[in-house]
Amino acid sequence: MPRYAMVIDQRRCIGCMACVVACKRENNVPEEHYRTRVVEIVEGTFPKVRMELRPELCNHCKNAPCVYNCPTGASYKKEDGIVLVNKKRCVGCKACIAACPYDARFIDPRNGAAHKCTFCEHRIKEGKEPACVTTCLSRARIFGDLDDPQSIVSKICAEKHLRILIAEAGTKPSVYYLSLQPLT
Amino acid sequence: MKEIAITGANAITYPHLEIWNWAISIYLFLGGMVAGLMVLGAISQFRPSSTTDAGRPFVCYLAPVLSPILLSIGMFFIFLDLSRKLNAFWFYLNFNIMSPMSWGAWGVGLIIPLSTLWALASIPEEHRHYLRWPKLHDFSFKISAYRNKLAGVNLALGIFLGIYTGVLLSGYVARPLWNSAVLPLFFLNSGLVSGSAMIILIARNYQEKLYFTKLNIWLTTAEIVLVLLFYYSHLTSTAPHREALIPFFTAVLFAGIIFPIALELPVITARRPAPLRVHLIAVLILLGNLAIRVAFVYVGQLSSLSDIARR
Ligand code: SF4
Ligand code: SF4
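Report on the accompanying structure. (Residues numbered from 1 in each chain as written. Chains lettered and ligands numbered in written order. Predicted model: local features only at pLDDT ≥ 70, side-chain atom pairs only at ≥ 80, totals over all residues. Heavy atoms only, no water.)

With that settled, consider the overall build of chain B. Helix and strand content of chain B: 11 helices and 1 strand. Shown N-terminal to C-terminal, the secondary structure of chain B runs as helices and strands in the order β-α-α-α-α-α-α-α-α-α-α-α. Its C-alpha atoms give chain B a radius of gyration of 21 Å, near enough to 19 Å, the size a compact globule of 311 residues would have. Counting only C-alpha atoms, chain B reaches 75 × 55 × 25 Å along its principal axes. Across the 311 residues of chain B, 54% fall into the buried class. (Helix = DSSP H or I, 4+ residues; strand = E, 2+ residues; numbered from the N terminus. Rg over C-alpha atoms; globule rule 2.2 N^0.38 Å. Buried < 20%, exposed > 50% of the residue type's maximum accessible area, 1.4 Å probe, protein only.)

Okay, here's the thing in structure tokens:
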């Protein structure tokens, strides 16, 4: 059984937002809502300025608070590590949105159900990569199977020092960050 | 200097979470008050004077009758908040042991019928004729023999009801203000405070009103201790917890507790305080507790762990 993960190489991100657009297009994400975002943090005063570009999305946490807080079982985790929402079961109680430390969820205004990144599960089934990964022109997003030692993500995870966001939340994310500067 | 720009931010989560509104605050307030009514009503039922219909204080009838009604109103507000209302039956086709909301849905589903039974069992003989249907009348007579047993069950359910909303909010690591183990106890205690204030307002007997006003002072004193512990737990925790205690929240919290108790204290020292004054204090206590619940819902959503990842 594969164990999907994403590595985000922040050194390569140029902040073009192509991933944000590709995700919206691919997944028919409702107006004014997003499954992925790019955070730009500019620090300092000219000429000593530093910029961090950080693409963010659902971390498909191994210990996912959205899943264990869902009262109806609508939020669930597949064996391959992907966290999904079964909208037929969702009551729109928003417990999962309150529980997610990464603010990765929202309510789809078209049907009232919780909505989030699926790692483009439909594309994975066809042997393709998520739309944001395929679109990224600088290859800052790398997707693959951690259980396959030959996959690029496995190799990066084995060789590089990676970080995760908000480690203190204890969610064990499947999205890793490769960066020059320490992440909080 | 630091500048943050986000392409792809969702308005309901950035700059802060905005998912639960006044409807949830009202549910929390009513749920807490019902918990208080159930606990205080059941305890009054166990007092030695309550063995006969004549000796039982009014609260022994009042609390069981009001509980299912007020809780059903609270449930209506929860229902209003659901964004997929027609799917609400899924709450009862699934039980997630790790989800406090699942515990709550099943718990409330159990409390409404059991408190209704308690209400039927508690109706005194001389008022039973208000039950129009003869079968209901007979049923009320039959189960009145189990009045004490039902009070015991409702006492336990009242404590559950008072605590679970606090457990629900305190379990969210993502929202530092709510994430404190003191919150469930604070919610239970504040439920007892509003329950006793409600009893003060509707009790028929002046002595009973005075008795619950005195009890209310003790409960409010406990509330102050719990608020201080709540603050202590945050102040000694990490930065997001410390920052969650923003000034206006502090103001609401203390105004909701200190102001009513300041008015309440002279009532105790007076020999026979005017009933109007006793009622006024009860109303202020209820408003104070409502303000506290509203503040908890809104300020809890302002505090966010993901903020620190961006600093
Ligand atoms: S990032 Fe949020 S929505 Fe995604 S799995 Fe983790 S807790 Fe759930
Ligand atoms: S909004 Fe839907 S997916 Fe989220 S916790 Fe409620 S029922 Fe589960």
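The next point concerns the side chain of H241 of chain B. Residues and elements named next belong to chain B. Here H241 shows up in helix α8 (residues 239-244). Assessed through its relative accessible area of 9%, H241 is described here as buried. Setting aside chain neighbours within four positions, we find H241 in contact with P176, N179 and H234. (Contact = heavy atoms within 4.5 Å.)

Another point: the site of ligand 2. Taken together, 14 residues are adjacent to ligand 2, and C70, S75, C90, C93 and C96 of chain A come closest. Here the shell around ligand 2 is composed, by residue class, of 9 nonpolar, 3 polar and 2 charged. (Near = heavy atom within 4 Å. Nonpolar A, V, L, I, M, F, W, Y, C, P; charged D, E, K, R; others polar.)

So, on to the site of ligand 1. The full set of residues close to ligand 1 is C58, N59, H60, C61, A64, P65, C66, V83, C100, Y102, R105 and K116 of chain A. For the shell around ligand 1, a count of residues per class yields 8 nonpolar, 2 polar and 2 charged.

Backbone hydrogen bonds are what pair the strands of a sheet, in a parallel or an antiparallel way. Residue and element names in this part refer to chain A. Pairing is mixed in the open sheet, where 3 strands are placed in the order β8-β1-β9. Taken across any chain shown, the strands that pair with only one partner, and hence form the sheet edges, are β8 (141-145) and β9 (175-178). Each strand axis lies, on average, 25 degrees off the axis of its neighbour in the sheet, ignoring direction. Helix-sheet contacts for helix α6 (residues 152-159) involve β1 (4-9), β8 and β9, and the interaxial angle to β8 is about 105 degrees. (Pairing = 2+ DSSP bridges. Axes fitted to C-alpha atoms, helices over the stretch in contact; angles between N-to-C directions.)

Our focus in this paragraph is the interface of chain A and chain B. Contact residues are listed per partner, giving 48 residues for chain A and 41 residues for chain B. Between chain A and chain B, roughly 3,900 Å² of surface is buried when both sides are summed, and carbon and sulfur atoms account for 52% of that area. On the chain A side of the contact with chain B, P71, V91 and D103 of chain A bury the most area, a combined 15% of that side's loss. Counting across the chain A and chain B interface gives 3 salt bridges. In this structure, the salt-bridge partner of K2 of chain B is E43 of chain A, at a minimum N-O distance of 3.8 Å. Applying the counting rule to chain A against chain B returns 27 residue pairs in polar contact (both at pLDDT 80 or more). When contributions to the side of chain A that touches chain B are tallied by element, the ones reaching two or more residues are β2 (37-45), β3 (48-56), α2 (65-69), α3 (95-99) and β6 (106-107) of chain A. It is β2 of chain A that provides the largest number of residues to the side of chain A that touches chain B, a total of 8 residues. (Buried area = accessible area lost by both parts, 1.4 Å probe. Salt bridge = Lys/Arg side-chain N within 4 Å of Asp/Glu carboxyl O. Polar contact = N/O pair within 3.5 Å; in protein donor to acceptor, adjacent residues only side chain to side chain.)

The full count for this structure, using the stated rule, is 18 aromatic pairs over all chains. Seen from their ring centres, F230 of chain B and Y231 of chain B are 6.2 Å apart, and the 70 degrees between their planes marks the pair as edge-to-face. Counting every residue linked through ring pairs, the aromatic cluster contains F186, F187, F230, Y231 and F296 of chain B. Of note, K24 of chain A hangs over the ring of Y34 of chain A, and the distance from its end group to the ring centre comes to 4.4 Å. The side chain of R293 of chain B reaches across the aromatic face of F187 of chain B, ending 4.3 Å from its centre. (Phe/Tyr/Trp six-rings, centres within 6.5 Å; stacked < 30°, edge-to-face > 60°. Lys NZ or Arg CZ within 6 Å of the ring centre and 35° of its normal.)

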